[in-house]
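# Inside the fold
In case you want the letters, here they are:
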Amino acid sequence: MTAPAIVILGNGSLATARSIQQVYPDALIHGLAERVDGADRVYSEFGATLRQLYQQGTPIIALCAAGIVIRTLAPLLLEKGAEPAVLAVAEDGSAVVPLLGGLGGVNVLAREIAAALGVAAAITTSGELRFGTCLLNPPKGYQLADLELGKRFVSDLLAGESVRIEGAAPWLDQANLLEDQQANLAIHVGNRERVPAPNELLIYPKNVWVTCRPGAQLALRVREALHDAGIAVQSLACLLANDQDMASPELHEASLDLGVPLRFAALADADDIVITAADEPLDVSLIGRPRGRLAVIGLGPGAAELMVPAVKAELARCTDVLGYETYVRMAGPFRADQVQHCTDNREEMQRARHAFELAAQGRSVVVVSSGDPGVFAMAAAVLEALHESSDPTWQQVDLEILPGVSASLATAAQAGAPLGHDFCVMSLSDNLKPWSIIEKRLDLASQADLALAFYNPISRSRPWQLGRALEIVALHRTAETPVVLGRDIGRPGQTLRVTTLGQLTPDQVDMRTMVLIGSSTTCVFPRAGGGEWVYTPRWYGEKPAS
Ligand code: SAH
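Quantities reported herein were computed from a predicted structural model and do not represent experimental measurements. (Residues numbered from 1 in each chain as written. Predicted model: local features only at pLDDT ≥ 70, side-chain atom pairs only at ≥ 80, totals over all residues. Heavy atoms only, no water.)

### Focus on the packing of helix α7 (residues 218-228) against helix α8 (residues 249-258)
- In the contact formed by α7 and α8, the axes pass within 8 Å of each other and the chain directions differ by 55 degrees. If you check the angle between α7 and α8, you find them oblique. Between α7, through Leu-218, Ala-219, Val-222 and Arg-223, and α8, the contact on the second element is made entirely by Glu-250, Leu-251, Ala-254, Asp-257 and Leu-258.
- Its residues placed into classes, the contact of α7 with α8 shows six nonpolar, no polar and three charged. (Axes fitted to C-alpha atoms, helices over the stretch in contact; angles between N-to-C directions. Helix = DSSP H or I, 4+ residues; strand = E, 2+ residues; numbered from the N terminus. Parallel < 35°, antiparallel > 145°, perpendicular 65-115°, else oblique. Contact = heavy atoms within 4.5 Å. Nonpolar A, V, L, I, M, F, W, Y, C, P; charged D, E, K, R; others polar.)

Right, dumping it as structure tokens:
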């Protein structure tokens, strides 16, 4: 299970939170900024934080009124999908209320927490109350065959029928079941393929692995082989392949299709498909090793709402996070089991190589950039490191670049649509390119009447470059050309300013500013409520008839 997040709103809950943390040492205490001293993580917005944790599938223990938690998560509850456990615990530890995630083990958590606090959990699930366990939520390593059939089965049991247990179900030893070898109802645990009968609760142990090689239609062939052996595909725990074949798309497709992880080991010329069954459910983490993963992600400008869901999911699953400290902090909170490797902003190639070294060991690594990772950020550095490397294990890493909302686009959206027609994106930093090429590009892009977006416009070590750049632009644009300055867009204290080329001076700009300069067609008009809209029309030359 993922370690839960303990969320508190004030110092009054800290003692209770610490008692709960003793039960789950990996759980982090998330405290409201300026209200809580000594939390493991600080958040500023309760609603956004809770929703983000929920969407990442992190179990939530909120030390506040149940109603607050319900109202906060309500907008997300209609989205179907795996639901993490969510509990409300009274600030003083006097009540433990499981709210959501019955199949995610919420009642188990509630009982554990209640035991630690010396109170009774407010369990309301009838099956759970009667049997002391959720029959529809077998422990890790087991899979229920059919949830709907299962619900009927549980209501029959609740109606008072007795049950017999077939196969090994050690977790039911403690359950309050009315057992009878002659019973009509049966709980059946086994890896044989069978059609669940209406009077049985069929549970598959995940105790089978298949050794295989890449090849066409692999998933289909694995299914057929399991079927021929009379083994249920639900009992398959993982596929095991030779580590030389780590990057094989056929293996990857088969693992997705079968819904089981791929593991790798040095196998001496493996046979095509070999089925092996164990007596007990397998701990997949002990079979071979996984293919390492390296994701270069873009956080967007800063606000959680502007981070793409694929990036959120990647942050939730990764084992290691690398990046400039500010961005790593922005990407958090992280669990105690996730390793953070913070480095100075300038050590980009070193960071890229470190990321590959970790991923080649089988870890799941994330390299963070702000905005989009492919825009003056880490993605190109990571690819450069891979291109230069002759290490075959780096080539085997599952490398993916996940996009983000770049600062120019986030700023443009707030101003209207200044980049609504052709535009040009430039970094004014001459750290990695000669200033002469920057001047040449500025000259040609301005001449071509492209709207311009300047990244890295100015810094303490580059004080004069922006002034010179504006002189070049002014050779081709009028003083009335609209200019948008976005500072810390999507972050606390953001500012947006609309001005003109004639009025723009370098002292209005710093390294946290995005500079957008309009083309000859860019217009400005007042917006209701104050300020202006800025846009560049879609057409050029003569306005088309509409
Ligand atoms: N990969 C980033 C850009 C990194 S270069 C992206 O796609 O956005 C760093 C420059 O981006 C800064 O000097 C600034 O010009 C701009 N920038 C980054 N975040 C910003 C923000 N939130 N608001 C305004 N400008 C920002």
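Read on, since the account is not over.
### Some points on the pairing of strand β21 (residues 423-427)
- In this sheet, strand β22 (residues 451-455) lies alongside β21 in parallel orientation, the contact comprising five bridges. Across the sheet, residue Cys-424 finds its bridge partner in β22, namely Leu-452. (Pairing = 2+ DSSP bridges.)

### Considerations on the sheet that holds strand β26 (residues 523-526)
- With mixed pairing, the three strands of this open sheet are ordered in space as β20-β27-β26. Looking at the sheet topology across the chains shown, the edges are occupied by β20 (416-417) and β26.

### Observations concerning the environment of Ser-285
- Tracing the sequence through the fold places Ser-285 in the loop between β14 (273-277) and β15 (293-298).
- A relative accessible area of 48% places Ser-285 in the partly exposed class.
- With 47 residues separating them along the chain, Ser-285 and Cys-238 place their C-alpha atoms 9.9 Å apart.
- Reaching out from Ser-285, the side chain makes a polar contact with the side chain of Asp-283 at a distance of 2.7 Å. (Buried < 20%, exposed > 50% of the residue type's maximum accessible area, 1.4 Å probe, protein only. Polar contact = N/O pair within 3.5 Å; in protein donor to acceptor, adjacent residues only side chain to side chain.)

### A closer look at the packing of helix α11 (residues 348-360) against helix α12 (residues 378-388)
- Here α11 crosses α12 at 65 degrees, and the two axes come no closer than 9 Å. For the pair α11 and α12, the crossing hand works out as right-handed. Along the contact surface, α11 presents Glu-348, Met-349, Arg-351, Ala-352, Arg-353 and Phe-356, while α12 presents Met-378, Ala-381, Val-382, Glu-384, Ala-385, Leu-386 and Glu-388. (Left-handed = near helix turned anticlockwise from the far one by under 90°.)

### As for the side chain of His-30
- Structurally, His-30 can be placed in strand β2 (residues 28-32).
- Setting aside chain neighbours within four positions, we find His-30 in contact with Ala-5, Ile-6, Val-7, Ile-8, Ala-39, Arg-41, Tyr-43, Leu-53 and Pro-333.

### Examining the domain arrangement of the protein chain
- If you check the domain split of the protein chain, you get domain 1 (5-124), domain 2 (142-205), domain 3 (208-286), domain 4 (293-405) and domain 5 (408-535).
- Between domain 1 and domain 2, the C-alpha centre-to-centre distance is 32 Å. (Domains from an automatic or database assignment.)

### A short note on the side chain of Thr-58
- Within the fold, Thr-58 resides in the loop between α2 (46-55) and β4 (60-63).
- With sequence-adjacent residues up to four places away left out, Thr-58 is seen in contact with Ala-3, Pro-4, Ala-5, Leu-53, Pro-84 and Ala-85.

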